Amino acid sequence: MTQLTPALDARLRTDAPIIFGAVAIELPGYTINLLDGAGVLSFGGRTFAGQDDVFGTISEVEDLTDGTGDSAPAFSLTLLPASDAAAATLAGPQMQGAPVLVWMGAVDEVSGQPVPDPHLIFAGEIDVPSLRSEEHGRSLDYEVTSVFERLFEDDESARLSPGHHRSIFPNEAGMDYVTGVDRPVYWGVAGTQTSVQTNAAAAFGGLGGYFIDRLYQ
């Protein structure tokens, strides 16, 4: 069963559909909405163009592939910054973790608008930027990882302490005055059964909310 809308699925089955790729990079304070070619298209409350006046154009997008084993899905995105200042901004450490969304869609030849609705094929975040300078210009490579990359983060630095607790929940002071614990609290192992039961669904819901808040804050 296809995950595409009926209209998009039908258009892609025609002999010569006009296909486009669209990339949104939500930088701190600015969102880049780029197409993989010339033109302007609008959908989902965003307007995508072949060139961003501040940050340039897309040069290359590596094929998207599924992750295997202990690797999350990832791909490389190459931008051609419009200026030295734009290149420096894009390569800054504050860009790491910026959300990246990628769509694939088709254009209606009559209206010139996207066929409802373009398919979101990737949701991730910027991992590592690499700036390359050449004789006649510059380019910037972004390694983009899936949101599932956060599932590979370990908890080796986790501590049952007020400082670590506030690093995750800044406004929650429940552990600030805890000086001793009557019974051991087990982390990462089954431990012993107590009279206090934890709602597993609520616990995982809290973690999921934390991941989403971190990604889109």
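Residues numbered from 1 in each chain as written. Predicted model: local features only at pLDDT ≥ 70, side-chain atom pairs only at ≥ 80, totals over all residues. Heavy atoms only, no water.

Going by the annotation in an unreviewed UniProt entry, the name recorded for the protein chain is DUF2163 domain-containing protein, with Sphingomonas ginsenosidimutans given as the source organism.

> I'm lost on the packing of aromatic side chains in this one. Help?
The relative placement of two aromatic rings is captured by the distance of their centres and the angle of their planes. This model, assessed by the stated rule, comprises six aromatic pairs. Relative to Trp103, the ring of Phe43 has its centre 5.5 Å away and its plane inclined at 80°; by these criteria the two rings are edge-to-face. Remark: Trp103 occurs in strand 7 (residues 99-107) and Phe43 occurs in strand 3 (residues 40-43); sequence separation between them is 60 residues. Residue classification places Trp103 among the buried residues on the basis of a relative accessible area of 12%. Seen from their ring centres, Phe48 and Trp103 are 5.5 Å apart, and the 70° between their planes marks the pair as edge-to-face. With Phe48 in strand 4 (residues 46-49) and Trp103 in strand 7, the pair connects residues that are 55 residues apart, well separated along the chain. There is no split in this pair, since Phe48 and Trp103 are both buried. Taken together, the aromatic side chains of Phe20, Phe43, Phe48 and Trp103 make up a single cluster linked through ring pairs. (Phe/Tyr/Trp six-rings, centres within 6.5 Å; stacked < 30°, edge-to-face > 60°. Helix = DSSP H or I, 4+ residues; strand = E, 2+ residues; numbered from the N terminus. Buried < 20%, exposed > 50% of the residue type's maximum accessible area, 1.4 Å probe, protein only.)

> What should I look at first to understand the nonpolar core in this one?
Nonpolar side chains tend toward joint burial in soluble globular proteins. Core analysis: the biggest nonpolar cluster contains 21 residues, and Ile25, Leu27, Leu77, Leu79, Leu90 and Tyr142 have the highest contact counts within it. Where this core is concerned, the elements lending two or more residues are strand 1 (18-27), strand 2 (30-35), strand 6 (74-80), helix 2 (84-90), strand 7, strand 8 (119-134) and strand 9 (137-146). The residues contacting Leu27, other than those within four sequence positions of it, are Ile32, Phe55, Leu90, Met95, Ala98 and Ile126. Membership of the second largest hydrophobic core comes to 10 residues, among which are Ala24, Leu35, Leu41 and Leu101. (Core = buried A, V, L, I, M, F, W, Y, C linked by side-chain atoms within 4.5 Å. Contact = heavy atoms within 4.5 Å.)

> It is not clear to me how the pairing of strand 6 should be interpreted in this structure. Could you clarify?
Regular strands have side chains that alternate between both faces of the sheet. Taking burial as the measure, the seven residues of strand 6 include five buried ones, the bulk of the element. Across four bridges, strand 5 (residues 57-61) lies against strand 6 in antiparallel orientation. Bridged to Ile58 within strand 6 is Leu79. Pairing of strand 6 with strand 9 involves six bridges; the strand directions are antiparallel. Bridge pairing in strand 9 links Ser76 to Glu143. (Pairing = 2+ DSSP bridges.)

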